[in-house]
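Observations on chain architecture
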Amino acid sequence: MDEQTRGEHNIEVEVDLDEFRVFPPSAEFASRANVGPEIYAEAAADPVAWWAEKARSLTWETPFTRTLEWDPPFATWFDDGTLNASVSCVDRHVAAGRGDTVAFHWVGEPEGDRVDITYTDLLERVSRAAHALESMGVASGDRVAVYMPMIPEAVVALLACARIGAVHSVTFGGFTAEALAERILDAGAEFVITADGGFKGGKAAALKPQVDEALLTCPAVRNVLVVRRTGADVEWVEGRDVWWHEIMETQPATHVPVAFPAEHPLFLMYTSGTTGKPKGILHTTGGYLTHVATTFEIGFDLKPDDVFWTAADIGWITGHSYIVYGPLANGVTQVLYEGTPDGGGRDRWWRIIEELGVTVLYTAPTVIRTFMKWGEQHPGGHDLRCLRILGSVGEPINPDAWVWYRSIIGGGRCPVVDTWWQTETGGWMVMPLPGLTASKPGAAMAAFPGISIDVVDDNGVSVANGHGGSLVITAPWPGMLRGIWGDPERYRQTYWSEFEGRYFPGDAAKRDEDGDIWLLGRVDDEMYVAGHRLSTAEIEGAIVGHPAVAEAAVVGVSDEETGQAVVAFVTLRQAGEVAQKHAAQLVEDIRAHVASVVTPAALPRQVILTPDLPKTRSGKIMRRLLRDVAEHRAMGDVTTLNDPGVVSMIDGLMVAHETDDS
Ligand code: WTA
């Protein structure tokens, strides 16, 4: 928790979520589930042995004899074994006679732009790309920066790096040249893989120009491999830039993989975070692959005829773990979609699901709330009966969105699986199991089998049911980060110093009366109002429970009387239709609603109606900036914002609001 100071207050998180509904899986769904309730006890009896057994289902060149070596806070898993991640993800499925299985139904944003890629195709593409990288001089351990749209070559690029032991470091394609350069420099990358651009939101969004600009400050970069996707004109640096299609043509179609030690670095993923300098989170090979393959298989109750769609970008950990490594290690069929949710109409996703028979959809609450705002008519026009499981990731999902997702998208039949995890954890950590858990809307429910968590107070003491505190992970797990690139001290300080011997992810949580886990947002998003410790998630949950509200962000700002006061920023479902006089009434309604649903202490001092909220490009609300606005401070770093204009717009609203008040 760099830059984050947790309060010294030894006060419980207010626990008053107005949510009592429970949704067990249907008897039919439960009867077909792959695992039974005994899985928890089996894993808990000897978690390390349980994970080791799972690890053995990967393809090892040299089987491991050692499992966990724990020298806190540094862990190794299976470190005397050797394997090649791309072999477990691709070659072995072809070798098993499943080469004709479709790995990806790729859907480009422009209508009709579609390619099906089988495991045989994927193996050939990865093999050629591995040769191409080697011919450019990329060697094991070298870092390769990747900055790409959602096209098949992005998956191929990652697997080709893994195949030759190079460490990929993906920067989300929406980030600026500056952010890209910062990551290239920190990682010491000498190679970049990119594209001329990609199609998003109905237009060609360029990528190559940002790379060219970034490289002005990154003289160590030797080659840039460029996929032609949009056909846009690009600047070309002779000797440095290489067209993907040209070099691939001349490469052999088969490639003999070399095995690497299980602890060989697989990738870096920079967490932009909501504060501070990005951290290069390091993941290694054997443990990570074990974690993501196992969680994907069990957590989504994998069936042979499933078609999975993780609707996330490859530039985030979700794309790494649950588009590339977890699903491919299981040899499944997936959808890979290039564009935005409204690329080609607001029903684009529902058309894709219907046409390709998607059975499992995995997305983020912010997207679900956008769909709610757009209205039921869009999914309503499509036959979505192929769906059987719905997943959520990235933020606490408010109960209303959860219930909407389940009933409108899932037809009331599909379990909603809320998965709590982080870039740092590598894979899922806290979640219901779809065929077993009677889920509560908004709750992440329980630790995944083989994972040990706790909720503790500020002194690190486990809280009783019905109480809140900080989430901690109490034992090392196979997918855990192995460090922060180039900064072991920051690793120790950030994650392992808050509670001795335990990993602190920075999230607040509570255990309800049944012992089920609810995530309450980041601890730095908590506030202390008149002696009450309040979490943003609870107050926001209450506000979005109001029928007129689409989305809300709440911050605590300093207040002479109460220490901190609640300020809420709210977007409405039908923004255009609220007349000025109704707006005032609505604001009062929302304030009263919060006071009654959460606690009177949470009564917002101000409610600002705004057409939009500042979000990172992965959809997380940047409350830090809203705090700056609310406290009239100079704005912090806005480079990771999806739309930097939003903050100054809200600033304007805030000033107008305060002028009205006075
Ligand atoms: C938040 C994304 C509540 C949390 C996989 C975490 C969640 C941070 C959930 C990590 C969830 C993610 N419920 N909060 N289901 N999933 N978070 O690294 O605060 O982009 O610490 O990884 O997102 O974000 P990251």
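Residues numbered from 1 in each chain as written. Predicted model: local features only at pLDDT ≥ 70, side-chain atom pairs only at ≥ 80, totals over all residues. Heavy atoms only, no water.

Points about the packing of helix 4 (residues 85–98) against helix 6 (residues 152–163)
To be explicit about the condition: Lines fitted to C-alpha atoms define the axes here, with helix axes fitted over just the stretch in contact, and angles between the N-to-C directions of these axes take values from 0 to 180 degrees. Comment: elements are numbered from the N terminus, with helices defined as DSSP H or I runs of at least four residues and strands as E runs of at least two. Orientation labels follow simple angle bins: below 35 degrees gives roughly parallel, above 145 gives roughly antiparallel, 65 to 115 gives roughly perpendicular, and whatever is left gives oblique. The handedness criterion is simple: a crossing whose near helix is rotated anticlockwise from the far helix by less than a right angle is left-handed, and one whose near helix is rotated clockwise is right-handed. Working rule for contacts: check all heavy atoms of both residues, and any pair within 4.5 Å makes them a contact. Each residue gets one label: Ala, Val, Leu, Ile, Met, Phe, Trp, Tyr, Cys and Pro are nonpolar, Asp, Glu, Lys and Arg are charged, and the others, such as Gly, are polar.
Packing of helix 4 against helix 6 leaves a shortest axis separation of 8 Å and a crossing angle of 125°. Accordingly, the angle class assigned to the pair helix 4 and helix 6 is oblique. You can see that helix 4 and helix 6 cross each other, and the crossing is left-handed. Here A85, S86, V87, C89, V90 and D91 of helix 4 come into contact with helix 6, specifically with L159, A162 and R163. Looking at the contact of helix 4 with helix 6 residue by residue, the classes come out as six nonpolar, one polar and two charged.

With respect to the nonpolar core
Rules: Only buried Ala, Val, Leu, Ile, Met, Phe, Trp, Tyr and Cys residues count toward a nonpolar core, and they belong to the same one when joined by side-chain atoms within 4.5 Å. Exposed residues in this analysis have more than 50% of their type's maximum accessible area, buried residues have under 20%, and partly exposed residues fall in between, with area computed by a 1.4 Å probe over protein chains only.
In this structure, L122, L159, Y325 and L328 are the most contacted members of the largest nonpolar core, which totals 130 residues. Among the elements that take part in this core, helix 6 stands out by supplying nine residues, more than any other. Excluding residues within four positions of it along the chain, Y325 makes contact with A85, C89, L158, L159, A162, H168, L266, F267, Y288, L289, V292 and H320. Formed by 30 residues, the second largest nonpolar core is a distinct cluster that contains Y337, W350, L361 and L390.

Some remarks on the environment of V544
Mapped onto the secondary structure, V544 falls in helix 17 (residues 536–544). C-alpha of V544 to C-alpha of V472: the two residues are 72 residues apart in sequence and 28 Å apart in space. Discounting residues that sit within four places of it in the chain, V544 has contacts with N398, D400, V549, A550, E551 and A552.

As for the sheet that holds strand 8 (residues 167–170)
Within a beta sheet, neighbouring strands are joined by backbone hydrogen bonds and run either parallel or antiparallel to one another. Short version of the rule: Only when DSSP finds a minimum of two bridges between them are two strands counted as paired.
Here eight strands make up an open sheet; going across it, the order is 13-12-9-7-8-15-16-24 and the pairing mixed. Each edge of the open sheet is held by one strand with a lone partner, namely strand 13 (241–243) and strand 24 (483–484). Across two bridges, the pairing between strand 16 (residues 279–284) and strand 24 is antiparallel. Bridge pairing in strand 24 links I281 to I484. Docked against the sheet, helix 11 (residues 317–329) engages strand 8, strand 15 (265–271) and strand 16, running at close to 145° with respect to strand 15.

So, the sheet that holds strand 1 (residues 60–62)
Spatial ordering of the open sheet is given by 1-4-14, a layout of three strands whose pairing is antiparallel. The open sheet has two free edges, formed respectively by strand 1 and strand 14 (260–261), since each of these has just one partner strand. As defined by bridge partners, strand 4 (residues 82–83) adjoins strand 14 across two bridges and the pair is classed as antiparallel. Bridging from a neighbouring strand, L83 pairs with F260 of strand 14.

Observations regarding the domain arrangement of the protein
Interface size is commonly expressed as the accessible surface area that is lost when the partners come together. What counts here: For each domain, the first and last residues come from an automatic or database assignment. Values labelled buried area give the accessible surface lost by two parts on being combined, using a 1.4 Å probe and summing over both. Salt bridges are identified by distance alone: a Lys or Arg side-chain nitrogen within 4 Å of an Asp or Glu carboxyl oxygen. Under this definition, polar contacts are N or O atom pairs within 3.5 Å; protein pairs additionally need one hydrogen-donor-capable and one acceptor-capable atom, and for neighbouring residues in sequence, both atoms have to be side-chain atoms.
Taken domain by domain, the protein consists of domain 1 (27–509) and domain 2 (532–661). Centre-to-centre separation of domain 1 and domain 2, based on C-alpha positions: 32 Å. Between domain 1 and domain 2, the residue contacts involve 21 residues of the former and 20 residues of the latter. In total, domain 1 and domain 2 occlude about 1800 Å² of area from one another, counting both sides; carbon and sulfur atoms represent 54% of this. Linking domain 1 with domain 2 are one salt bridge, by the criterion used here. Here R369 makes a salt bridge to E551, at a shortest N to O gap of 2.8 Å. Counting across the interface, domain 1 meets domain 2 through two residue pairs in polar contact (both at pLDDT 80 or more). Elements with a contribution of two residues or more to the side of domain 1 that touches domain 2: helix 13 (365–374) and strand 23 (467–473). Ranked by the residues each element gives to the side of domain 1 that touches domain 2, the list is headed by helix 13, at four residues. For the side of domain 1 that touches domain 2, the per-class residue count stands at five nonpolar, ten polar and six charged.

Some thoughts on the pattern of salt bridges
Taken as a whole, this structure holds 32 salt bridges when the rule is applied. Across the salt bridge formed by R351 and E111, the nearest N and O atoms sit 3.1 Å from each other. Placement of R351 in helix 12 (residues 348–356) and of E111 in the loop between strand 5 (102–107) and strand 6 (114–118) is noted, with a sequence separation of 240 residues between them. When the shortest N-O distance is used, the salt bridge between D383 and R385 registers 2.8 Å. With a relative accessible area of 33%, D383 lands in the partly exposed category. For R385, a relative accessible area of 64% gives the class exposed. Residues joined in a network through salt bridges with shared partners are E111, D347, R348 and R351.

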